[in-house]
Amino acid sequence: MNTKNKDIIITGFALFAMFFGAGNLIFPPYLGVITGDKFLIGFLGFIIADVGLSLLAILASAKSDGDTGRVFGRAGKLFAIILGSAIMICLGPLLAIPRTAATTFEMGIIPLIPGFNAVLFSTIFFAITLALTIKPSKVVDIIGSYLTPALLVCLLALIVIGIINPIGDVSSTQLIENNLFAEGVAQGYQTLDTLAAVAFSTVAITAIIQRGYSDSKEKVKLTLQSGLISGVFLALVYAGLTYLGSMLSTTYGVDTPQASLMVVITNAILGKPGKIILGIIVSLACLTTSIGLTSSAASYFSNI
(Lines give C-alpha, C1' and ligand atoms only; values in the text may rest on other atoms or scores of the structure.)
Protein backbone atom coordinates (compact mmCIF):
# COMPACT_ATOMS: atom_id res chain seq x y z
CA MET A 1 0.00 0.00 0.00
CA ASN A 2 1.46 3.37 -0.96
CA THR A 3 1.80 6.13 1.60
CA LYS A 4 -1.07 8.25 0.22
CA ASN A 5 -3.60 5.40 0.36
CA LYS A 6 -2.45 4.53 3.87
CA ASP A 7 -2.91 8.15 4.98
CA ILE A 8 -6.43 8.22 3.47
CA ILE A 9 -7.44 4.99 5.21
CA ILE A 10 -6.04 6.00 8.60
CA THR A 11 -7.73 9.41 8.39
CA GLY A 12 -10.99 7.80 7.23
CA PHE A 13 -10.87 5.32 10.10
CA ALA A 14 -10.22 8.16 12.53
CA LEU A 15 -13.24 10.07 11.19
CA PHE A 16 -15.41 6.97 11.51
CA ALA A 17 -14.44 6.49 15.15
CA MET A 18 -14.89 10.15 16.00
CA PHE A 19 -18.36 10.15 14.43
CA PHE A 20 -19.39 6.84 15.96
CA GLY A 21 -20.14 7.79 19.54
CA ALA A 22 -22.93 7.67 22.08
CA GLY A 23 -25.90 8.57 19.90
CA ASN A 24 -24.72 6.33 17.07
CA LEU A 25 -25.03 3.29 19.31
CA ILE A 26 -28.43 4.26 20.66
CA PHE A 27 -30.52 5.59 17.77
CA PRO A 28 -30.16 2.90 15.01
CA PRO A 29 -31.40 -0.05 17.16
CA TYR A 30 -34.29 2.07 18.42
CA LEU A 31 -35.16 3.01 14.84
CA GLY A 32 -35.26 -0.70 14.00
CA VAL A 33 -37.59 -1.42 16.91
CA ILE A 34 -40.15 1.22 15.98
CA THR A 35 -40.11 0.59 12.21
CA GLY A 36 -40.21 -3.24 12.20
CA ASP A 37 -40.05 -4.82 8.75
CA LYS A 38 -40.11 -1.35 7.15
CA PHE A 39 -36.76 -0.52 8.77
CA LEU A 40 -35.13 0.15 5.38
CA ILE A 41 -37.36 3.21 4.88
CA GLY A 42 -36.36 4.68 8.23
CA PHE A 43 -32.74 3.65 7.63
CA LEU A 44 -32.67 5.59 4.35
CA GLY A 45 -33.76 8.77 6.14
CA PHE A 46 -31.24 8.12 8.89
CA ILE A 47 -28.36 7.77 6.41
CA ILE A 48 -29.29 10.94 4.54
CA ALA A 49 -29.51 13.02 7.74
CA ASP A 50 -26.39 11.49 9.28
CA VAL A 51 -23.86 10.36 6.67
CA GLY A 52 -25.15 12.49 3.79
CA LEU A 53 -25.17 15.82 5.62
CA SER A 54 -21.89 14.96 7.36
CA LEU A 55 -20.16 14.41 4.02
CA LEU A 56 -21.48 17.76 2.76
CA ALA A 57 -20.13 19.44 5.91
CA ILE A 58 -16.76 17.74 5.43
CA LEU A 59 -16.62 18.91 1.81
CA ALA A 60 -17.50 22.50 2.78
CA SER A 61 -14.88 22.48 5.52
CA ALA A 62 -12.23 20.98 3.23
CA LYS A 63 -12.86 23.66 0.59
CA SER A 64 -12.40 26.25 3.36
CA ASP A 65 -9.12 24.63 4.41
CA GLY A 66 -10.58 23.55 7.73
CA ASP A 67 -11.28 27.12 8.80
CA THR A 68 -14.72 27.14 10.46
CA GLY A 69 -14.77 30.92 10.26
CA ARG A 70 -14.61 30.74 6.45
CA VAL A 71 -17.43 28.20 6.34
CA PHE A 72 -19.80 30.39 8.36
CA GLY A 73 -18.18 33.71 7.45
CA ARG A 74 -20.26 34.14 4.31
CA ALA A 75 -22.96 35.46 6.64
CA GLY A 76 -20.57 37.86 8.35
CA LYS A 77 -17.58 37.61 10.70
CA LEU A 78 -19.57 38.22 13.91
CA PHE A 79 -22.21 35.68 12.88
CA ALA A 80 -19.46 33.13 12.15
CA ILE A 81 -17.98 33.53 15.63
CA ILE A 82 -21.35 33.33 17.37
CA LEU A 83 -22.57 30.29 15.40
CA GLY A 84 -19.19 28.54 15.54
CA SER A 85 -18.91 29.08 19.28
CA ALA A 86 -22.48 27.89 19.87
CA ILE A 87 -21.82 24.70 17.90
CA MET A 88 -18.51 24.00 19.65
CA ILE A 89 -19.96 24.64 23.11
CA CYS A 90 -22.86 22.30 22.31
CA LEU A 91 -20.55 19.62 20.91
CA GLY A 92 -18.01 20.19 23.65
CA PRO A 93 -18.61 20.85 27.34
CA LEU A 94 -22.38 21.45 27.22
CA LEU A 95 -23.79 18.26 25.68
CA ALA A 96 -21.89 15.86 23.45
CA ILE A 97 -18.70 15.30 25.45
CA PRO A 98 -20.55 14.72 28.77
CA ARG A 99 -22.89 12.37 26.87
CA THR A 100 -19.93 10.17 25.87
CA ALA A 101 -19.01 9.61 29.50
CA ALA A 102 -22.62 9.15 30.65
CA THR A 103 -23.35 6.59 27.92
CA THR A 104 -20.16 4.65 28.65
CA PHE A 105 -21.04 4.57 32.33
CA GLU A 106 -24.65 3.47 31.77
CA MET A 107 -24.09 0.90 29.02
CA GLY A 108 -20.50 -0.25 29.54
CA ILE A 109 -19.71 0.01 33.24
CA ILE A 110 -22.92 -0.47 35.28
CA PRO A 111 -23.82 -3.83 33.64
CA LEU A 112 -20.35 -5.14 34.55
CA ILE A 113 -19.68 -3.35 37.85
CA PRO A 114 -22.98 -2.34 39.52
CA GLY A 115 -22.57 0.44 42.03
CA PHE A 116 -19.33 1.80 40.55
CA ASN A 117 -18.83 5.43 41.57
CA ALA A 118 -19.89 7.77 38.75
CA VAL A 119 -17.54 10.60 39.76
CA LEU A 120 -14.55 8.25 39.90
CA PHE A 121 -15.44 6.83 36.49
CA SER A 122 -15.80 10.32 34.97
CA THR A 123 -12.40 11.28 36.36
CA ILE A 124 -10.77 8.22 34.81
CA PHE A 125 -12.60 8.63 31.49
CA PHE A 126 -11.59 12.26 31.02
CA ALA A 127 -8.05 11.64 32.28
CA ILE A 128 -7.66 9.14 29.42
CA THR A 129 -9.22 11.66 27.02
CA LEU A 130 -6.72 14.28 28.17
CA ALA A 131 -3.77 11.90 27.82
CA LEU A 132 -4.73 11.03 24.24
CA THR A 133 -5.63 14.59 23.22
CA ILE A 134 -2.72 16.55 24.69
CA LYS A 135 -0.75 16.21 21.42
CA PRO A 136 -3.19 17.22 18.63
CA SER A 137 -0.87 15.99 15.88
CA LYS A 138 -1.17 12.44 17.21
CA VAL A 139 -4.96 12.33 17.54
CA VAL A 140 -5.66 10.92 14.06
CA ASP A 141 -2.81 8.39 14.28
CA ILE A 142 -3.92 7.11 17.70
CA ILE A 143 -7.56 6.76 16.71
CA GLY A 144 -7.17 5.67 13.10
CA SER A 145 -4.35 3.18 13.59
CA TYR A 146 -5.32 1.54 16.88
CA LEU A 147 -8.72 2.39 18.36
CA THR A 148 -10.85 2.20 15.20
CA PRO A 149 -9.75 -1.30 14.08
CA ALA A 150 -10.56 -2.64 17.56
CA LEU A 151 -13.95 -0.90 17.52
CA LEU A 152 -14.82 -2.16 14.03
CA VAL A 153 -13.88 -5.76 14.83
CA CYS A 154 -16.15 -5.78 17.89
CA LEU A 155 -19.06 -4.10 16.08
CA LEU A 156 -18.91 -6.25 12.95
CA ALA A 157 -18.55 -9.45 14.98
CA LEU A 158 -21.68 -8.56 16.96
CA ILE A 159 -23.66 -7.72 13.81
CA VAL A 160 -22.58 -10.83 11.86
CA ILE A 161 -23.38 -13.18 14.76
CA GLY A 162 -26.75 -11.46 15.20
CA ILE A 163 -27.60 -11.95 11.51
CA ILE A 164 -26.56 -15.62 11.55
CA ASN A 165 -28.48 -16.31 14.77
CA PRO A 166 -31.61 -14.08 14.74
CA ILE A 167 -32.62 -12.92 18.22
CA GLY A 168 -36.33 -12.48 17.48
CA ASP A 169 -39.06 -11.98 14.91
CA VAL A 170 -39.41 -8.78 12.92
CA SER A 171 -42.81 -7.16 13.43
CA SER A 172 -44.97 -6.53 10.37
CA THR A 173 -46.53 -3.48 12.04
CA GLN A 174 -44.86 -0.20 12.95
CA LEU A 175 -44.97 1.32 16.41
CA ILE A 176 -45.29 4.92 15.27
CA GLU A 177 -47.83 6.80 13.18
CA ASN A 178 -45.25 9.28 11.92
CA ASN A 179 -43.81 9.09 8.44
CA LEU A 180 -41.09 6.42 8.70
CA PHE A 181 -38.66 8.28 6.45
CA ALA A 182 -39.11 11.49 8.45
CA GLU A 183 -38.57 9.55 11.68
CA GLY A 184 -35.31 8.22 10.26
CA VAL A 185 -34.22 11.76 9.39
CA ALA A 186 -35.04 12.94 12.93
CA GLN A 187 -33.14 10.04 14.54
CA GLY A 188 -30.15 10.60 12.25
CA TYR A 189 -29.98 14.29 13.04
CA GLN A 190 -30.05 13.59 16.79
CA THR A 191 -26.64 11.92 16.57
CA LEU A 192 -25.26 15.48 16.13
CA ASP A 193 -22.88 14.17 13.44
CA THR A 194 -23.80 16.94 11.02
CA LEU A 195 -22.65 19.57 13.50
CA ALA A 196 -19.67 17.46 14.55
CA ALA A 197 -18.54 17.03 10.93
CA VAL A 198 -17.39 20.65 10.79
CA ALA A 199 -15.30 20.09 13.90
CA PHE A 200 -13.96 16.64 13.00
CA SER A 201 -12.98 17.65 9.47
CA THR A 202 -10.71 20.30 10.98
CA VAL A 203 -8.83 17.55 12.84
CA ALA A 204 -8.63 15.47 9.66
CA ILE A 205 -7.39 18.37 7.52
CA THR A 206 -4.77 19.26 10.13
CA ALA A 207 -3.51 15.68 10.06
CA ILE A 208 -3.41 15.70 6.24
CA ILE A 209 -1.41 18.94 6.20
CA GLN A 210 1.02 17.55 8.79
CA ARG A 211 1.58 14.57 6.51
CA GLY A 212 2.99 16.93 3.91
CA TYR A 213 0.01 17.53 1.61
CA SER A 214 -0.02 21.27 0.95
CA ASP A 215 -1.74 21.60 -2.44
CA SER A 216 -5.28 22.92 -1.95
CA LYS A 217 -6.93 20.59 -4.47
CA GLU A 218 -5.08 17.59 -3.06
CA LYS A 219 -6.13 18.43 0.50
CA VAL A 220 -9.78 18.68 -0.56
CA LYS A 221 -9.54 15.40 -2.47
CA LEU A 222 -7.85 13.49 0.37
CA THR A 223 -10.26 14.87 2.97
CA LEU A 224 -13.30 13.93 0.88
CA GLN A 225 -11.89 10.44 0.19
CA SER A 226 -11.31 9.96 3.92
CA GLY A 227 -14.86 11.13 4.56
CA LEU A 228 -16.22 8.64 2.04
CA ILE A 229 -14.37 5.79 3.76
CA SER A 230 -15.83 6.78 7.10
CA GLY A 231 -19.28 7.15 5.51
CA VAL A 232 -19.21 3.64 4.01
CA PHE A 233 -18.30 2.03 7.32
CA LEU A 234 -20.85 4.14 9.18
CA ALA A 235 -23.58 3.07 6.75
CA LEU A 236 -22.64 -0.62 7.12
CA VAL A 237 -22.66 -0.48 10.92
CA TYR A 238 -25.89 1.56 11.05
CA ALA A 239 -27.58 -0.94 8.73
CA GLY A 240 -26.51 -3.83 10.94
CA LEU A 241 -27.60 -2.16 14.18
CA THR A 242 -30.95 -1.10 12.70
CA TYR A 243 -31.59 -4.65 11.51
CA LEU A 244 -30.68 -6.07 14.93
CA GLY A 245 -33.10 -3.59 16.50
CA SER A 246 -35.87 -4.67 14.12
CA MET A 247 -35.57 -8.20 15.54
CA LEU A 248 -36.80 -6.82 18.87
CA SER A 249 -39.80 -5.04 17.33
CA THR A 250 -42.28 -7.69 18.51
CA THR A 251 -41.14 -7.57 22.14
CA TYR A 252 -40.20 -3.95 22.83
CA GLY A 253 -42.19 -0.75 22.46
CA VAL A 254 -41.78 2.96 21.86
CA ASP A 255 -41.35 3.64 25.59
CA THR A 256 -38.35 1.30 25.92
CA PRO A 257 -35.27 3.19 27.19
CA GLN A 258 -33.10 3.58 24.13
CA ALA A 259 -29.80 2.99 25.94
CA SER A 260 -30.99 -0.40 27.19
CA LEU A 261 -31.58 -1.83 23.71
CA MET A 262 -27.89 -2.48 23.02
CA VAL A 263 -27.62 -4.25 26.37
CA VAL A 264 -30.58 -6.46 25.41
CA ILE A 265 -29.14 -7.15 21.94
CA THR A 266 -25.67 -8.15 23.14
CA ASN A 267 -27.09 -10.32 25.93
CA ALA A 268 -29.39 -12.09 23.45
CA ILE A 269 -26.60 -12.68 20.93
CA LEU A 270 -23.62 -13.43 23.16
CA GLY A 271 -25.05 -14.14 26.62
CA LYS A 272 -23.00 -13.05 29.64
CA PRO A 273 -19.81 -12.44 27.59
CA GLY A 274 -21.93 -9.92 25.68
CA LYS A 275 -21.69 -7.52 28.61
CA ILE A 276 -17.92 -7.47 28.23
CA ILE A 277 -18.11 -7.04 24.45
CA LEU A 278 -20.64 -4.23 24.83
CA GLY A 279 -18.44 -2.58 27.45
CA ILE A 280 -15.53 -2.62 24.99
CA ILE A 281 -17.67 -1.33 22.09
CA VAL A 282 -19.23 1.49 24.11
CA SER A 283 -15.94 2.49 25.74
CA LEU A 284 -14.06 2.63 22.43
CA ALA A 285 -16.89 4.38 20.59
CA CYS A 286 -17.42 7.05 23.21
CA LEU A 287 -13.73 7.52 24.00
CA THR A 288 -12.80 8.14 20.36
CA THR A 289 -15.65 10.65 20.03
CA SER A 290 -14.64 12.36 23.26
CA ILE A 291 -11.05 12.64 22.00
CA GLY A 292 -12.16 14.06 18.65
CA LEU A 293 -14.58 16.57 20.16
CA THR A 294 -12.16 17.71 22.84
CA SER A 295 -9.39 18.24 20.29
CA SER A 296 -11.73 20.01 17.87
CA ALA A 297 -13.27 22.34 20.46
CA ALA A 298 -9.87 23.19 21.93
CA SER A 299 -8.43 23.95 18.49
CA TYR A 300 -11.39 26.14 17.57
CA PHE A 301 -11.30 28.31 20.68
CA SER A 302 -7.52 28.49 20.52
CA ASN A 303 -7.72 29.79 16.94
CA ILE A 304 -10.33 32.48 17.61
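Further up the page is the structure itself.
Concerning the overall build of the protein
And step 1. Each helix and strand counted, the protein has 13 helices and zero strands in total.
And step 2. Counting from the amino terminus, the protein carries its helices and strands in the arrangement α-α-α-α-α-α-α-α-α-α-α-α-α.
And step 3. Radius of gyration (C-alpha) of the protein: 19 Å, near the 19 Å computed for a compact globule of 304 residues.
And step 4. Each of the three principal axes of the protein carries a C-alpha extent, and together these read 55 × 45 × 40 Å.
And step 5. Counting only residues that meet the buried cut, the protein has 50% of its 304 residues in that class.
And step 6. For the protein, restricting intrachain contacts to residue pairs at least 6 apart in sequence, the fraction spanning at least 24 positions comes to 85%.
And step 7. For the protein, the accessible surface area stands at approximately 13,200 Å², while carbon and sulfur atoms represent 67% of it.
And step 8. Side-chain charges in the protein split into 16 positive and 14 negative, and the spacing between the mean points of these groups amounts to 12 Å.

Overview of the packing of helix α5 (residues 77-94) against helix α6 (residues 96-109)
And step 1. Where α5 contacts α6, the axes come no closer than 3 Å and their chain directions differ by 30°. Here α6 runs roughly parallel to α5, going by the angle between their axes. Every residue of α6 that contacts α5 at C90, L91, G92, P93 and L94 is listed here: A96, I97 and P98.
And step 2. For the contact of α5 with α6, the residue count by class is seven nonpolar, one polar and no charged.

Here we look at empty space enclosed by the protein
And step 1. A full pass over the atoms with the stated rule returns two cavities of 30 Å³ or more.
And step 2. Each pocket or cavity is described by its volume, and for the largest cavity that value is around 100 Å³.
And step 3. Lining the largest cavity we find 17 residues, and of these A96, R99, T191, T289 and L293 sit closest to its centre.
And step 4. Among the secondary structure elements, those contributing two or more residues to the lining of the largest cavity are α1 (3-19), α2 (22-35), α6, α10 (193-210) and α13 (273-303).
And step 5. For the lining of the largest cavity, a count of residues per class yields nine nonpolar, six polar and two charged.

Concerning the pattern of salt bridges
And step 1. Tallied over the full model, the rule gives three salt bridges.
And step 2. The shortest N-O distance in the salt bridge between R211 and D7 comes to 3.0 Å. On the criterion of sequence distance, the pair formed by R211 in the loop between α10 and α11 (216-246) and D7 in helix α1 is long-range, its members being 204 residues apart.
And step 3. On the basis of relative accessible area, R211 is assigned to the partly exposed category, the value being 24%.

Re a nonpolar patch on the surface
And step 1. A surface patch of nonpolar side chains, amounting to about 540 Å² of accessible area, comprises I81, I89, L94, L95, F301 and I304.
And step 2. Of all the elements, α5 adds the most residues to the nonpolar patch, at three residues.
And step 3. Counting through the fold element by element, L95 comes out in the loop between α5 and α6.

A word on the layout of surface pockets
And step 1. There is about 280 Å³ of room inside the largest pocket.
And step 2. D67, T68, G69, Y300 and N303 are, among the 16 residues lining the largest pocket, the residues nearest its centre.
And step 3. For the lining of the largest pocket, the elements supplying multiple residues, two or more each, are α4 (68-72), α5, α10 and α13.
And step 4. Partitioning the lining of the largest pocket into residue classes produces six nonpolar, eight polar and two charged.

Thresholds, definitions, all that
- Residues numbered from 1 in each chain as written.
- Predicted model: local features only at pLDDT ≥ 70, side-chain atom pairs only at ≥ 80, totals over all residues.
- Heavy atoms only, no water.
- Helix = DSSP H or I, 4+ residues; strand = E, 2+ residues; numbered from the N terminus.
- Rg over C-alpha atoms; globule rule 2.2 N^0.38 Å.
- Buried < 20%, exposed > 50% of the residue type's maximum accessible area, 1.4 Å probe, protein only.
- Contact = heavy atoms within 4.5 Å.
- Areas by Shrake-Rupley, 256 points an atom, 1.4 Å probe, with all protein chains shown as cover.
- Lys, Arg positive; Asp, Glu negative; His and termini not counted.
- Charge placed at Lys NZ, Arg CZ, Asp CG, Glu CD.
- Axes fitted to C-alpha atoms, helices over the stretch in contact; angles between N-to-C directions.
- Parallel < 35°, antiparallel > 145°, perpendicular 65-115°, else oblique.
- Nonpolar A, V, L, I, M, F, W, Y, C, P; charged D, E, K, R; others polar.
- 1 Å grid on protein atoms, 1.4 Å probe; cavity = no way out; pocket = protein on both sides within 12 Å on 5 of 7 lines; lining within 4 Å.
- Points joined across faces, edges and corners; volume = space filled by probe spheres on them.
- Salt bridge = Lys/Arg side-chain N within 4 Å of Asp/Glu carboxyl O.
- Patch = residues over 30% accessible without salt bridge, like charges linked within 9 Å, V, L, I, M, F, W, Y side chains within 5 Å.

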